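# Coordinates in review
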Amino acid sequence: MATPLIAGLAVAAAALAGRYSIQAWNAYKARPIVPRMRKFYEGGFQPTMTRREAGLILGVRENAHPEKVKEAHKKVMVANHPDAGGSHYLASKINEAKDILLGKTKGGGSAF
C-alpha cells in the first residue's frame, strides 16, 4: 500500500525537478550576451585633466604610490616619446598626468 504512494511521490518529484531544470535552461539561454572583455576608456581628453583621467593615461590607480606613478610614467613615455617618433601632444598629456598624480600641478595644464 505504501509502495505505490512512494513511487508516485518519486515520479512527481522527478517531474517537478525536470520542469525546473527546463525553465532554468531557457532562462540561461535567454540572458543577454555580455562580452567578457574589459571596457576601455572611450573618447578624447577632458579640457582640464582629472585624477581619474591621469590614472587612466598612466595605467595606475588614482591613489597609487608615487614610485609606481613614476615607473608607469617612464614606461608610457618610452613608448610615446617625441624623439622616438611619438607625438608631442601625447607626451605633454603623459607628463601632465604624472604631475597631477604626484601633486605637482602647475595650474596651466597641457601646453597644447
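Computed from a predicted model, the values in this text were never measured in an experiment.

Turning next to the overall build of the protein chain. Within the protein chain, the regular secondary structure consists of 4 helices and 0 strands. A total of 112 residues make up the protein chain; the buried ones form 20% of that total. For the protein chain, contacts bridging at least 24 residues in sequence account for 44% of all contacts bridging at least 6. Here the protein chain displays about 9000 Å² of accessible surface, and carbon together with sulfur accounts for 61% of that area.

Moving on, we get to the confidence of the model for the protein chain. Summarising the model, the protein chain shows a mean pLDDT of 86, and 85% of its residues fall at 70 or more. By mean pLDDT, helix α2 (residues 51-58) is the weakest element of the protein chain at 90, and helix α3 (residues 66-80) is the strongest at 93.

This part takes up the pattern of salt bridges. Across all of its chains, the model carries 1 salt bridge by this definition. The closest approach of N and O atoms between lysine 93 and glutamate 96, which form a salt bridge, is 3.6 Å. Here lysine 93 and its partner glutamate 96 are both found in helix α4 (residues 88-102), 3 residues apart, which amounts to about one turn of the helix. Exposure remark for glutamate 96: the relative accessible area of 10% places this residue in the buried category.

Next up on the list: the packing of α3 against α4. Put simply, α3 and α4 touch, their axes get as near as 10 Å, and they point 180 degrees apart. Relative to α4, the element α3 lies roughly antiparallel. Of the residues in α4, those touching α3 at Pro66, Val69, Lys70, His73, Val76, Met77 and Asn80 are Leu90, Ala91, Ile94, Asn95, Lys98, Leu101 and Leu102. Here the residues of the contact of α3 with α4 are counted per class, giving 9 nonpolar, 3 polar and 2 charged.

With that settled, consider the packing of aromatic side chains. Within this structure, the stated rule accounts for 1 aromatic pair. The lysine or arginine in question, arginine 31, covers the ring of tyrosine 28, its NZ or CZ lying 4.1 Å from the ring centre.

Counting residues in hydrophobic clusters, the biggest one holds 14 residues, and the most contacted among them are Ala54, Leu58, Val60, Val69 and Leu101. Setting aside anything within four residues of it in sequence, one finds valine 60 in contact with Gly55, Lys68, Val69, Ala72 and Leu101.

Moving on: the environment of aspartate 99. Its place among the elements puts aspartate 99 in helix α4. Sequence-wise, aspartate 99 and lysine 70 are 29 residues apart; in three dimensions their C-alpha atoms are separated by 9.8 Å.

This brings us to α2. Among the residues of α2, Glu53, Ala54, Gly55 and Leu58 are the ones counted as buried. Tucked into the core, α2 has its buried residues touching α3 and α4. Positive backbone phi, approximately 80 degrees, marks glycine 59, located one or two places after α2.

Conventions we followed
- Residues numbered from 1 in each chain as written.
- Predicted model: local features only at pLDDT ≥ 70, side-chain atom pairs only at ≥ 80, totals over all residues.
- Heavy atoms only, no water.
- Helix = DSSP H or I, 4+ residues; strand = E, 2+ residues; numbered from the N terminus.
- Buried < 20%, exposed > 50% of the residue type's maximum accessible area, 1.4 Å probe, protein only.
- Contact = heavy atoms within 4.5 Å.
- Areas by Shrake-Rupley, 256 points an atom, 1.4 Å probe, with all protein chains shown as cover.
- pLDDT = per-residue confidence, 0-100.
- Salt bridge = Lys/Arg side-chain N within 4 Å of Asp/Glu carboxyl O.
- Axes fitted to C-alpha atoms, helices over the stretch in contact; angles between N-to-C directions.
- Parallel < 35°, antiparallel > 145°, perpendicular 65-115°, else oblique.
- Nonpolar A, V, L, I, M, F, W, Y, C, P; charged D, E, K, R; others polar.
- Phe/Tyr/Trp six-rings, centres within 6.5 Å; stacked < 30°, edge-to-face > 60°.
- Lys NZ or Arg CZ within 6 Å of the ring centre and 35° of its normal.
- Core = buried A, V, L, I, M, F, W, Y, C linked by side-chain atoms within 4.5 Å.

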